[in-house]
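Descriptive analysis of the structure
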Amino acid sequence: MQSKLKAVSLFSGTGGFDWGAQQAGVEIIWANDIDPHAAKAYQSLFPNVEFVLGDICNVSHFPKADILIGCYPCTGFSVAARRRWKNLQERDLKANDNNFLYKEFLRALKDIKPKYLFVENVRGMTSADGGWFLDRQIQGFQEAGYKIWKGPLFAPDFGVAQARTRVFIVGIKKDEGIPDYISPIPEYGPKTSKPYLTIEDVIGNMEEWPDGEFFDYPFHGHYLTRNRKRGWHEQSFTIVANAHHVPLHPIGDPMIYISKDKWALQGDKNRRLSWKECAALQGLPETAIPNGTLMDKYRVIGNAVPPAFAKALIKPIFKFF
Ligand SMILES: C[S@@+](CC[C@H](N)C(=O)[O-])C[C@H]1O[C@@H](n2cnc3c(N)ncnc32)[C@H](O)[C@@H]1O
């Protein structure tokens, strides 16, 4: 029997991407993250994977592998951040070094020289403001000897009950004779035989008021600038890392539109999704259990890549293997 493709994972977080990669048939052999709470969740999912806790900048040696996975943070390019930072340029990013962590990924890539690379970026990366930064990453990967596919994927198309779009980069090493990458094909939704999953499908049987599991800080002015509540038969708004901005649970009445950037809550049944509901709507297994405060739990769950994205992205490469 052929041995499995082995992967090194950087910025591994809770292990969302890696869980999907494993389901696609990949063996994760090494992982790293700086966040101890994410590490706890990762280790609950992957007890046998060597996990290095700490800043990637301090890692000097990487094991050899067929695949390099790296969902580095690109916080300055999120859609929310762009609203605040008009005309985002490199000088703005100097104040936000996180956006240059792709250079650490490139360093590992040049050291490991895997057959494949997989990267996740936020959606803002494809817009005019962020476009130059996406181009710069791709240029780096091409110069390192990889042919590149990039594209947005919509989570509901792959069985996630959450309207989350992310941009992915797949790289194939040029000198391996591997054919070009073929984009993942939607498995759910209008062009398929399966309907999109809904919030009800995923969290419909969970407790309505799970004490201590949801952030109950008052809803501030910014929170009420847009609709935050989707119905049971829809897909959730994007699950985010900041507990303040987590979407509302569908119970109670819908929010009502008042005027531009002004929405109002109705009735008294309004609460944010709990961290466990967020984990379920990300498609994470129940065994992914972060530690720390409620804020820590929301952060590591919201930062995760839905495993279904990884599974869909990685499956096509097995055609060539
Ligand atoms: C988008 S999240 C990764 C999500 C993860 N791949 C998953 O699927 O669950 C980015 C991760 O990068 C980590 N990170 C940020 N700066 C880092 C650094 N300097 N070294 C290592 N990890 C870092 C964060 O703690 C966070 O978990």
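Look up a bit, the structure's there.
The structure presented is a predicted model; accordingly, all values stated were derived computationally and were not measured.

Observations concerning the overall build of the protein
Looking only at helices and strands, the protein features ten helices and nine strands. Per-residue burial over the protein gives 42% buried out of 321 residues. Once local pairs closer than 6 in sequence are excluded, the contacts in the protein between residues at least 24 apart make up 69%.

With respect to the site of the ligand
As a structural note, the neighbourhood of the ligand is formed by 21 residues, with Gly13, Gly16, Asp35, Ala304 and Val305 the closest of them. Split into classes, the residues belonging to the shell around the ligand amount to eleven nonpolar, seven polar and three charged.

Some points on helix α5 (residues 102-112)
For α5, the set of buried residues is Tyr102, Phe105, Ala108 and Leu109. Buried residues of α5, viewed axially, fall in a sector of 115°; they line one side. Just downstream of α5, Lys113 is the residue with a positive phi angle, here 50°.

Here we look at the environment of Asp18
Structurally, Asp18 can be placed in helix α1 (residues 16-24). Residue Asp18 is classed as buried on the basis of its 26 C-beta neighbours within 10 Å. Taking the C-alpha atoms as reference points, Asp18 and Tyr42, separated by 24 residues in sequence, lie 9.2 Å from one another.

Topic: unusual backbone geometry
With phi around 50°, Lys113 is a residue other than glycine that occupies positive phi space. Of note, Lys113 is situated in the loop between α5 and β5 (116-122). Of the residues examined, Lys113 has 15 C-beta atoms within 10 Å and is grouped as partly exposed. The backbone phi angle of Asp261 is positive, close to 60°, even though this residue is not glycine.

Comments concerning helix α9 (residues 294-302)
In an α-helix, one turn spans 3.6 residues; hence positions three or four apart end up facing the same way. Taken residue by residue, α9 has Lys297, Tyr298, Arg299, Val300, Ile301 and Gly302 as its buried positions. Taken together, the buried residues of α9 touch α2 (36-45) and α8 (275-282).

Things to note about the environment of Gln22
Relative to the helices and strands, Gln22 resides in helix α1. Judged by the 21 C-beta atoms lying within 10 Å of it, Gln22 falls in the buried class. Counting along the chain gives 292 residues from Gln22 to Ile314, while the straight-line C-alpha distance between them is 9.5 Å.

Quick notes on the pairing of strand β3 (residues 50-53)
Judged from the four bridges that link them, strand β2 (residues 27-33) and β3 form a sheet pairing that is parallel. Bridge pairing links Ala31 to Phe51 in β3. In this fold, β2 hands off to α2, which returns the chain to β3; that crossover is right-handed.

With respect to the packing of α1 against helix α10 (residues 307-314)
Axis separation between α1 and α10 bottoms out at 7 Å; the angle between their running directions is 40°. With respect to each other, α1 and α10 are oriented oblique. Pair α1 / α10 crosses with right-handed handedness. Between α1 and α10, the residues in contact are Gly16, Phe17, Trp19, Gly20, Ala21, Gln23 and Ala24 and Pro307, Ala308, Phe309, Ala310, Lys311 and Ile314, respectively. Taken together, the residues of the contact of α1 with α10 sort by class into nine nonpolar, three polar and one charged.

A look at the sheet that holds β3
Ordered by their spatial adjacency, seven strands build an open sheet running β3-β2-β1-β4-β5-β7-β6, and the pairing between neighbours is mixed. On the outer flanks of this sheet lie β3 and β6 (146-154), each paired with one strand and no other. Pairs of neighbouring strands in the sheet enclose a mean axial angle of 15°, with direction left out of account. Looking at chain direction, β5 and strand β7 (residues 165-173) are connected through seven bridges and run antiparallel. By the bridge assignment, Val122 is partnered in β7 with Arg166. Docked against the sheet, α1 engages β1 (6-10), β2, β4 (67-70) and β5, running at close to 175° with respect to β2. The strands touched by α5 are β1, β4 and β5; relative to β4, the strand with the most contacts, the crossing angle is about 175°.

Parameters at a glance
Residues numbered from 1 in each chain as written. Predicted model: local features only at pLDDT ≥ 70, side-chain atom pairs only at ≥ 80, totals over all residues. Helix = DSSP H or I, 4+ residues; strand = E, 2+ residues; numbered from the N terminus. Buried ≥ 20, exposed ≤ 12 C-beta atoms within 10 Å, placed from the backbone. Contact = placed C-beta atoms within 7 Å. Near = placed C-beta within 6 Å. Nonpolar A, V, L, I, M, F, W, Y, C, P; charged D, E, K, R; others polar. Arc of directions from axis to C-beta. Pairing = 2+ DSSP bridges. Right-handed = clockwise from strand over helix to strand, strands pointing away. Axes fitted to C-alpha atoms, helices over the stretch in contact; angles between N-to-C directions. Parallel < 35°, antiparallel > 145°, perpendicular 65-115°, else oblique. Left-handed = near helix turned anticlockwise from the far one by under 90°.

Purely geometric stuff here, so don't read any function into it on its own.
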